[in-house]
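Architecture and fold: a report
So the chains spell out like this:
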Number of protein chains: 2
Amino acid sequence: MKKQPEEEFKSEQMLNKKLSRRDMLRLTGASGLGLLLGGTGAGGLMAARQSAAKTPAASLDPAADTLPFYGAHQAGIITPAQNFLCFAAFDLTTTKLDDVKKLLKSWTEAAAALTSGSLIGNVNDNPNLPPSDTGEADGLTPSRCTLTFGVGPAFFDGRFGLAPKRPSSLADLPAFTGDSLEPQWCGGDLCVQACADDLQVAFHAIRNLARIARGTAVLRWTQEGFQRTAGADPKGATPRNLLGFKDGTGNPDATDDAEMRKVVWTSSSDGPAWMNGGTYMAVRRVRLRIEVWDRSTLSDQETTFGRHRHSGAPIGATDEFAELKLDAADASGKPVIPPDSHSALAHGDGTIKMLRRSYSYSSGMDLKTGQLDAGLLFISFQKDLLKQFVSIQQRLSKNDRLNEYMVHTGSAVFACFPGVREGGYIGEALLG
Amino acid sequence: MKKQPEEEFKSEQMLNKKLSRRDMLRLTGASGLGLLLGGTGAGGLMAARQSAAKTPAASLDPAADTLPFYGAHQAGIITPAQNFLCFAAFDLTTTKLDDVKKLLKSWTEAAAALTSGSLIGNVNDNPNLPPSDTGEADGLTPSRCTLTFGVGPAFFDGRFGLAPKRPSSLADLPAFTGDSLEPQWCGGDLCVQACADDLQVAFHAIRNLARIARGTAVLRWTQEGFQRTAGADPKGATPRNLLGFKDGTGNPDATDDAEMRKVVWTSSSDGPAWMNGGTYMAVRRVRLRIEVWDRSTLSDQETTFGRHRHSGAPIGATDEFAELKLDAADASGKPVIPPDSHSALAHGDGTIKMLRRSYSYSSGMDLKTGQLDAGLLFISFQKDLLKQFVSIQQRLSKNDRLNEYMVHTGSAVFACFPGVREGGYIGEALLG
């Protein structure tokens, strides 16, 4: 709740009410399913439910609508995906490192307010100055808002004298077969991934961070994203992408600390010390050719994914979380799951994983073609871009049957800092 | 719930659970406030709460997640605004009236499914044909989805021999002072307003209606819209626009039948018989110059609206729903609420009203300016476009202080048909 002082008491009363409501939501929706499916090892968006099943006390926490901003790692990475995303890439217009530090300190202060549901700055604003908060989230709950900050390879060019500190794996991605990148959807010195269960809350965060950056950094590109809201999905199923298929079934389990240390979080053996506890983000804006997809047969669609559409199960199976048996063959010796299907190629031999955290996007109509400009803002986190994202994407870009139905129009990578300690600031280990 | 046959039993069990959850939501959130504020006569988005307060039984209806598609009027007009909007304008590519009838019949059948949460067509699709439903809403609840259909002035040109049936007030809007319209955001032969509490559900509806129209009509323009979600706003306050001000405080009361007959619904004395029970929609895509707004002082902002930002109360008052006292003056004789403020001009002498049902939009960044392309998809419903929308907009466009902070980039008007009777089809009274 964005608190004005006179409302704190009311807002406390409301928290009690919210507790009951969240409690009820959980009883009727999420955790019932979490218990049913808890043993499957399914990760990603399943994490919320598993977490609820494993630590039911946490689910009754009245602050569950608020996710902590400070911590060892940044939030918004292994956090169960919120309903909405506003992603923004910024370019620095200053050439002074001190300005960058000042910006990151201001962003830290603002982020702490934005994620806790307070107004930025002084609530008793001087009427003769511009308000310190733009106000559109006044009265709204924190809505599990997370803000995740990173720096792109360009940040380490000559401008700030930081070239020696660039992690060796942080470089623009190689060209992939079939890429059709447009510069306006690529790159950026800095990124902010704002996620929240409410789109207005996420928008408010990006808009205010852009406002605070004025004079130091400008927006380079932005993209909103969505998935089905939790409220529309009382079963808590794996969300579907805009091709109608479940997306995230094979994600690693974000509640498994050892797995996250293996897949996501960098440690001292992985590169520069300032990234210990951080991770690398790959972002791809993938436009889906939905009009072409919609004209293909159900059988073609399922063969393309290697999964059944309704259940999400691997072809030939009935359970979404059944193992992908890539060596299974039919009577004629033909693989049941085509080796060039999306699931088969993404899985490979199963040794290389990354944590996907993508959102669908819909950006109206493409004026040139009259078709919907809709697709996926693919986001993945991994401790090594080359060994994880790049090696998987090279496999996919060459042979994936799904390539016929999509085109990669945007691309960026960012080093997402380790978490911020209270009293510290975003990127302090790099810049401090 | 998108039902596959084998799931009907489960889905019935879930409805019972949903009842408890919705019940709880209402007890903790909406209706408590409805009772507090029920006597103020505040309309628009207040309608849900007032309705809950007046007819509590309805709020416990297990089908409350589903709004009826069939009825005397179309849904999505006086319906309390859902969280999300996908708006689409279509151009007909056929010149045969029979094709148009066929399209509207197909849309009727699809709309009945989309709004009730069923898959379109046969759930046991032939795998060798394209699926009859694109599938991304499979498993999602109906999410209060409404689909509202209309025809624009262009529909009555020479192509279909319908010129004599054009309602006299259905014509392209006159140019307003300051308009900066771009053709790609204007007009359309047909419109569909899809609203739902879940964006994926609304997107799914428009995407499938566009798919069904293939060969008969093509998309002309689309725009997604949002407001704060009900879940982020346990107090059920009037939603805020992207300028941070409450929007909808002065709306007429949508639960007052007599008022709606006076303001919204056309009757036999208002024009052609085929529009009896219909209404006229004005749509304006209003880009907000939020970067300029954010640099203006709080005092300027409040003077521009004629209201206080935090409370929404008229300047000088403390209650959001206090009467706008336009003749009140301060000690020096200066009006307390500036006559050229947005509230004062929109209110006028209070005799002319329209039902507003607008959504905020955010469409990423304007590549030309590097600024956020965000604003308001203004939508209003009225029984007479000229006497209501046009007369108010002429007043506003000439003198409104808010004009400095916004630019109208899109414009369209549509005659929204009366409701569809079961067994009938959209627009039957016109085309039947």
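Residues numbered from 1 in each chain as written. Chains lettered and ligands numbered in written order. Predicted model: local features only at pLDDT ≥ 70, side-chain atom pairs only at ≥ 80, totals over all residues. Heavy atoms only, no water.

1. As for the interface of chain B and chain A
Counting from both sides, the interface comprises 76 residues of chain B and, opposite them, 76 residues of chain A. Interface area, chain B with chain A, both sides summed: about 6600 Å², of which 60% is carbon and sulfur. Taken together, the links from chain B to chain A amount to 4 salt bridges. Taken together, the links from chain B to chain A amount to 30 residue pairs in polar contact (both at pLDDT 80 or more). Among the elements of the structure, helix H1 (8–37), helix H5 (199–213), strand S4 (217–226), helix H7 (290–294), helix H8 (298–305), strand S7 (359–365) and strand S8 (372–382) of chain B are those that each provide at least two residues to the side of chain B that touches chain A. (Contact = heavy atoms within 4.5 Å. Buried area = accessible area lost by both parts, 1.4 Å probe. Salt bridge = Lys/Arg side-chain N within 4 Å of Asp/Glu carboxyl O. Polar contact = N/O pair within 3.5 Å; in protein donor to acceptor, adjacent residues only side chain to side chain. Helix = DSSP H or I, 4+ residues; strand = E, 2+ residues; numbered from the N terminus.)

2. Thoughts on the pattern of salt bridges
Inspection of the entire model under this criterion finds 36 salt bridges over all chains. Where Asp247 of chain A meets Arg356 of chain A, a salt bridge forms, and the shortest distance between an N and an O atom there is 3.3 Å. Of this pair, Asp247 of chain A sits in the loop between strand S4 (217–226) and helix H6 (257–263) while Arg356 of chain A sits in strand S6 (residues 355–356), placing them 109 residues apart in sequence. Asp247 of chain A gets classed as partly exposed once you look at its relative accessible area, which sits at 23%. A salt bridge links Arg159 of chain B to Asp189 of chain B; the shortest N-O distance between them is 2.8 Å. Taken together, the residues Arg159 of chain B in the loop between strand S2 (146–151) and strand S3 (190–196) and Asp189 of chain B in the loop between S2 and S3 connect sequence positions 30 residues apart. Each of Arg285, Arg287, Asp366 and Asp373 of chain A takes part in a single network of salt bridges with overlapping partners. (Buried < 20%, exposed > 50% of the residue type's maximum accessible area, 1.4 Å probe, protein only.)

3. Thoughts on the relation of the copies chain B and chain A
Once chain B has been moved 0.0 Å along the axis and rotated by 180 degrees, it coincides with chain A to within an RMSD of 0.0 Å. What we have between these two chains is a two-fold relation. Of every C-alpha in chain B, the one belonging to Ser363 of chain B sits nearest the axis of rotation, 3.3 Å from it. Both copies present the same face, since 100% of the interface residues in chain B are matched by interface residues at the equivalent positions in chain A. (Least-squares fit on C-alpha atoms with pLDDT ≥ 70 in both.)

4. Side note on the side chain of Ser360 of chain A
By the element assignment, Ser360 of chain A lies in strand S7 (residues 359–366). Among all residues touching Ser360 of chain A, those that are not within four sequence positions of it are Glu224, Gly225, Phe226, Asn241, Leu242, Gly375 and Leu376 of chain A.

5. Observations regarding the UniProt feature "domain: Dyp-type peroxidase C-terminal" (unreviewed entry) in chain A
What UniProt calls "domain: Dyp-type peroxidase C-terminal" (unreviewed entry) maps, in this numbering, to residues 238–420 of chain A. End C-alpha to end C-alpha, residues 238–420 of chain A measures 31 Å, and it is 22% helix and 23% strand. (UniProt positions renumbered as here; feature names shortened; annotations may be inferred.)

6. Looking at the environment of Leu92 of chain A
Residues and elements named next belong to chain A. With respect to the element layout, Leu92 can be found in strand S1 (residues 84–92). A sequence separation of 126 residues divides Leu92 from Val218, and the C-alpha atoms of the two residues are 6.4 Å apart. Non-local contacts of Leu92, meaning those with residues more than four positions away in its chain, are made with Val100, Leu103, Phe155, Arg159, Phe160, Asp189, Leu190, Thr216 and Ala217.

7. Some details on H8 of chain B
Residues and elements named next belong to chain B. Taken across its 8 residues, H8 has 6 buried, putting it largely inside the fold. Burial in H8 covers these residues: Leu298, Gln301, Glu302, Thr303, Thr304 and Phe305. Looking at the buried positions of H8, the neighbouring elements they touch are H7 and helix H9 (342–347).

8. Some words on the packing of aromatic side chains
Counted under the stated rule, the structure contains 35 aromatic pairs over all chains. Here the aromatic rings of Phe87 of chain A and Phe414 of chain A are separated by 6.2 Å at their centres, their planes lie at 50 degrees, and the arrangement is tilted. On the criterion of sequence distance, the pair formed by Phe87 of chain A in strand S1 and Phe414 of chain A in strand S9 (residues 406–416) is long-range, its members being 327 residues apart. We note that Phe87 of chain A, like Phe414 of chain A, is buried. Arranged with centres 5.5 Å apart and planes meeting at 90 degrees, the rings of Phe155 of chain B and Phe156 of chain B form a pair that is edge-to-face. Here Phe156 of chain B falls in the buried class, since its relative accessible area comes to 4%. Chaining the aromatic ring pairs together yields one cluster made of Phe155, Phe156, Phe160, Trp274 and Phe417 of chain A. For Arg285 of chain A, the ring lying beneath its charged end belongs to Trp185 of chain A, and the centroid distance is 3.7 Å. (Phe/Tyr/Trp six-rings, centres within 6.5 Å; stacked < 30°, edge-to-face > 60°. Lys NZ or Arg CZ within 6 Å of the ring centre and 35° of its normal.)

9. Thoughts on the packing of helix H4 (residues 97–116) of chain A against helix H5 (residues 199–213) of chain A
Residues and elements named next belong to chain A. It is at 10 Å that the axes of H4 and H5 come closest, and there the two elements cross at 155 degrees. By the angle between their axes, H4 is roughly antiparallel relative to H5. Read as a crossing pair, H4 and H5 show a hand that is right-handed. Contact residues: Leu103, Ser106, Trp107, Ala110 and Leu114 in H4; His204, Ala205, Leu209, Ile212 and Ala213 in H5. Considered class by class, the residues forming the contact of H4 with H5 number 8 nonpolar, 2 polar and no charged. (Axes fitted to C-alpha atoms, helices over the stretch in contact; angles between N-to-C directions. Parallel < 35°, antiparallel > 145°, perpendicular 65-115°, else oblique. Left-handed = near helix turned anticlockwise from the far one by under 90°. Nonpolar A, V, L, I, M, F, W, Y, C, P; charged D, E, K, R; others polar.)

10. Considering the nonpolar core
Membership of the largest hydrophobic core comes to 162 residues, with the highest contact counts inside it found for Trp107 of chain A together with Trp107 of chain B. Excluding residues within four positions of it along the chain, Trp107 of chain A makes contact with Phe90, Phe149, Leu190, Val192, Leu209, Ile212, Ala213 and Ile426 of chain A. (Core = buried A, V, L, I, M, F, W, Y, C linked by side-chain atoms within 4.5 Å.)

11. Things to note about the confidence of the model for chain A
Residue and element names in this part refer to chain A. Overall, the predicted model of chain A reaches an average pLDDT of 87, with 85% of residues at or above 70. Confidence over residues 3–62 falls short of pLDDT 50; this stretch has 89 contacts with residues more than four positions distant or in other chains. Interface confidence for the predicted complex, expressed as ipTM, amounts to 0.87; the pTM equals 0.87. (pLDDT = per-residue confidence, 0-100.)

12. Description of the environment of Leu199 of chain B
In this structure, Leu199 of chain B sits in helix H5. With 175 residues separating them along the chain, Leu199 of chain B and Ala374 of chain B place their C-alpha atoms 17 Å apart. With sequence-adjacent residues up to four places away left out, Leu199 of chain B is seen in contact with Phe84 and Phe226 of chain A together with Phe84, Leu85, Cys86 and Glu224 of chain B.

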